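Close look at the chain arrangement
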Amino acid sequence: MNFNTKVIHGGQHHESATGSVNVPVFLTSTFAQKSPGVHSGYEYSRAANPTRQALEDSLASIENGARGLAFGSGLAAIDCVLKLLNPGDEVVAVDDLYGGTYRMFTRLFEKYQLKFTFVNFDDVSKIADVITDKTKLIWVETPTNPLMKLVDIKAVVEIAKGKDILVAVDNTFATPYLQRPIDLGADIVMHSATKYLGGHSDVIAGALIAKDVELGEKLHFIQFASGGILGPHDSYLVLRGIKTLALRVQRHSENGMAVAKYLESHPAVAQVIYPGLESHPQYELAKAQMKDFGGMVSFTFKSGKKEDAIKFLEKVRVFTLAESLGGVESLANHPALMTHASIPAEKRAELGITDDLVRLSVGIEDAEDLIADLEKAFS
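Read on for an overview of the structure. (Residues numbered from 1 in each chain as written. Predicted model: local features only at pLDDT ≥ 70, side-chain atom pairs only at ≥ 80, totals over all residues. Heavy atoms only, no water.)

**As for the layout of surface pockets**
Note the following rule: Space inside and on the surface of the protein is sampled on a 1 Å grid over the protein atoms alone, with a cavity defined as a set of points where a 1.4 Å probe fits but cannot get out and a pocket as an open set with protein on both sides within 12 Å along at least 5 of 7 lines; lining residues have an atom within 4 Å of a point. Grid points are joined across faces, edges and corners, and a volume is the space filled by probe spheres set on the points. Numbering of helices and strands runs from the N terminus; a helix is a DSSP stretch of H or I covering at least four residues, while a strand is a stretch of E covering at least two. Here the term charged refers only to Asp, Glu, Lys and Arg, the term nonpolar to Ala, Val, Leu, Ile, Met, Phe, Trp, Tyr, Cys and Pro, and the term polar to all other amino acids, Gly among them.
Computed from the structure, the largest pocket encloses a volume of approximately 510 Å³. Lining the largest pocket are 22 residues, with Gln12, His13, His14, Glu15 and Val23 positioned closest to its centre. At the level of elements, α1 (3-9), α2 (50-62) and α9 (232-242) are the ones that each hand at least two residues to the lining of the largest pocket. Among the elements that make up the lining of the largest pocket, the one with the highest residue count is α2 (four residues). Classifying every residue of the lining of the largest pocket by side-chain character gives ten nonpolar, eight polar and four charged.

Given below as structure tokens:
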């Protein structure tokens, strides 16, 4: 199947008892058994639930993986990956991480004797410089949040080859419509399914997709043993969202480009960070690695003043000032005060997350209305 067909039909089956086209929401914790240990494939919903299974099969299909797993949040999915590791293991991670990921790495898992090294992946050779015989995981975000840096997934995979190192890619910003890391050699793909996969700002969810069956089984055991599952109703909502993923992300990308070009020409704007602009330092990598460029745009002010960013964000009306991203509605965010506040100020400054940085999640409204809203907010 091609992608637009996969999001609707990939891994999906009509419900066998009634022929229902949509998978029912199986609101049950347990399942009747014919004899002790003899059942129809389901025994307890923490281990497997038919609604969640339908979502997980869809996830595996659209990412071209062997096993999909659905979690109660994106962070629960990341937590599951880190539980593959043992005390003393080392993780090399891209430096421009989502704040919640950075917080989990440094404030939760470091105390369990995991070591995290944060590296600028612009030059992937720097990864090889910090790899040791204890390195067991390379954690990639591409594009990164909020500075829209890209990581060459194929190059990272090449560095890890033959070294017993897993490569995991947070594909939340790109979505499988624009980028499929497993096809590029990654072992694990992670999503905050709250964002583009769900697509309607009405559910909190996470996802993992494993490249091979054995790794998928290891992750499923951790999920089962730790309990961070996604409930059946939320699974239904994400599965419903996936069915329109291709249509939505194409529109997000069209509007993202229109907004980025508008911002690039605005006299109050110092820098626009969007992979689809030729001014982006990794524009050629974006063209090679992604089908299109998505709906996430960041920019800074020529004044460099935090006050100007706050004033702008207080004046938007079609855009909503809120955390999160990837919904049909456009959102605006101040990373330093909102999504990345958990990153120490000195670390934000080192990365380039300045106090005048604004991150936009460009929705699927009419582009003309979005640009008019931005114009009023600048005035």
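After that view of the structure, there is still more to cover.
**Topic: helix α6 (residues 153-160)**
Our working rule: For the exposure calls, accessible area comes from a 1.4 Å probe over protein chains only, and a residue counts as buried if that area is under 20% of its type's maximum, exposed if over 50%, partly exposed in between. The directions from the helix axis to the C-beta atoms form the arc being described.
Of all the positions in α6, only Ile153, Val156, Val157, Ile159 and Ala160 are classed as buried. Taken end-on, α6 shows its buried residues confined to a sector of 160°, consistent with a single buried face. After α6 finishes, the residue glycine 162 shows a positive phi value of roughly 75°.

**Regarding the nonpolar core**
Applicable threshold: For our purposes a nonpolar core is just a set of buried Ala, Val, Leu, Ile, Met, Phe, Trp, Tyr and Cys residues, chained together by side-chain atoms within 4.5 Å. The contact definition used throughout considers only heavy atoms, calling two residues in contact when any of these lie within 4.5 Å.
Among the nonpolar cores identified, the biggest contains 68 residues, and Val238, Leu263, Phe299, Phe312 and Leu360 are the most heavily contacted of them. Counting residues per element, this core draws most heavily on helix α10 (residues 245-264), which supplies eight residues. Look past the residues within four positions of leucine 360 in its chain and what remains in contact with it is Val259, Leu263, Gly295, Met296, Val297, Phe299, Phe319, Leu331, Ala332 and Leu374. Listed in part, the 47 residues of the second largest apolar core include Ile138, Ile153, Met190 and Ile343.

**Section: empty space enclosed by the protein**
Across all of its chains, the model carries one cavity of 30 Å³ or more by this definition. Roughly 30 Å³ of internal volume is contained in the largest cavity. Along the walls of the largest cavity sit Pro143, Met148, Phe173, Ala174, Leu178, Met290, Phe293, Gly294, Gly295 and Met296, which together make up its complete lining. Split into classes, the residues belonging to the lining of the largest cavity amount to eight nonpolar, two polar and no charged.

**Some details on the sheet that holds strand β10 (residues 320-321)**
Here is the rule we go by: By the convention used here, strands pair only if DSSP detects at least 2 bridges between them. As a rule, the C-alpha atoms of each element are fitted with a line to give its axis, helices using only the stretch in contact, and angles between N-to-C directions run from 0 to 180 degrees.
Pairing in this open sheet of five strands is mixed, and the strands run β8-β9-β12-β11-β10 from one edge to the other. Each edge of the sheet is formed by a strand with only one pairing partner; in this case those strands are β8 (269-273) and β10. Pairing between β10 and strand β11 (residues 331-333): two bridges, direction parallel. Looking at β11, one finds that leucine 321 is bridged to alanine 332. Each of β9 (296-301), β10, β11 and β12 (358-361) touches helix α12 (residues 306-315); the most contacted strand, β9, lies at about 130° to it.

So far we have only geometry, and geometry alone does not tell us how the molecule works.
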